[in-house]
Amino acid sequence: MNTSKKENKILMMCLCSLFTALIAVGAFLKIPIPFVPITLQGLFTILAALLLGAKWGTLSVVLYVAIGLAGVPIFTQGGGISYIFIPTFGYLLGYILGTFINAKIAHKTDNPSYLRIFAANFVGVLAVYAVGVLYFYMASELWGNSTTMKILFLNCFLFTLPGDILKCLVGTILGKRLIPLTAKYRC
């Protein structure tokens, strides 16, 4: 490995760590609504995907989840391995998948358009919802807190969707401007 590749890898490791920290901070910047609060975690996972790519962006989210499960209270409701029993834990797992999918779609070209970036962000968010809502439903059923599909749809999807669309738009604007700054370092 030549010096340039080593330097790029060190920079990407630093950016990965930075995004792990930003996602943790984003958990506490929230609008409390019933069931699933709106947080800035989603925006930071979107930016991790766009700026770091699939490998490093996804790793930043995996590290965030691992640190929280290890007991550091960086999730919206604390931390620790018992967090897997909280119905909203599925959204954290969804962030992992959503970040990976977002990065893969956005980075099919070296200079993605605004439309490609927004589409990648939105598909990534839909992946988060797919995992999050399914986990919420299964966890609720399993632990005896049964909920109706109407309540699940309203509280776990419809009420939070406008905020996530706004995060997709902000992520698109920031991503389009910042992708060129990190593109040459991605490895």
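Anything mentioned here points back to the structure above.
The structure reproduced in this document is the subject of the present report. Note that the structure is predicted; figures quoted are calculated from it, not measured.

Rules of the game
Residues numbered from 1 in each chain as written. Predicted model: local features only at pLDDT ≥ 70, side-chain atom pairs only at ≥ 80, totals over all residues. Heavy atoms only, no water. Helix = DSSP H or I, 4+ residues; strand = E, 2+ residues; numbered from the N terminus. Expected span 1.5 Å × (residues − 1). Patch = residues over 30% accessible without salt bridge, like charges linked within 9 Å, V, L, I, M, F, W, Y side chains within 5 Å. Areas by Shrake-Rupley, 256 points an atom, 1.4 Å probe, with all protein chains shown as cover. Salt bridge = Lys/Arg side-chain N within 4 Å of Asp/Glu carboxyl O. Buried < 20%, exposed > 50% of the residue type's maximum accessible area, 1.4 Å probe, protein only. Axes fitted to C-alpha atoms, helices over the stretch in contact; angles between N-to-C directions. Parallel < 35°, antiparallel > 145°, perpendicular 65-115°, else oblique. Left-handed = near helix turned anticlockwise from the far one by under 90°. Nonpolar A, V, L, I, M, F, W, Y, C, P; charged D, E, K, R; others polar. Arc of directions from axis to C-beta. Contact = heavy atoms within 4.5 Å.

Side note on helix H4 (residues 114–142)
- With 29 residues, H4 extends 42 Å between its outermost C-alpha atoms, agreeing within 8% with the 42 Å of an ideal straight helix rising 1.5 Å per residue.
- Among the residues trailing H4, Gly144 stands out with phi positive, at a value near 75°.

Examining a nonpolar patch on the surface
- Nonpolar side chains collect at one region of the surface, where Ile165, Leu166, Leu169, Val170, Leu174, Leu178 and Leu181 lie side by side and expose about 550 Å² of accessible area between them.
- Among the structural elements, Leu174 can be located in helix H6 (residues 161–183).
- Owing to a relative accessible area of 34%, Leu174 belongs among the partly exposed residues under this scheme.

Topic: the packing of helix H2 (residues 41–69) against helix H3 (residues 89–106)
- Between H2 and H3, whose axes approach to 8 Å, the crossing angle comes to 155°. Our classification of the angle between H2 and H3 gives roughly antiparallel. Crossing angle aside, the handedness with which H2 passes H3 is left-handed.
- Residues of the contact of H2 with H3, tallied by class, amount to 16 nonpolar, eight polar and one charged.

Focus on helix H5 (residues 149–158)
- All of the buried residues along H5 are Leu152, Asn155 and Cys156. Taken end-on, H5 shows its buried residues confined to a sector of 95°, consistent with a single buried face.
- In this structure, the buried side of H5 is in contact with H3 and H4.

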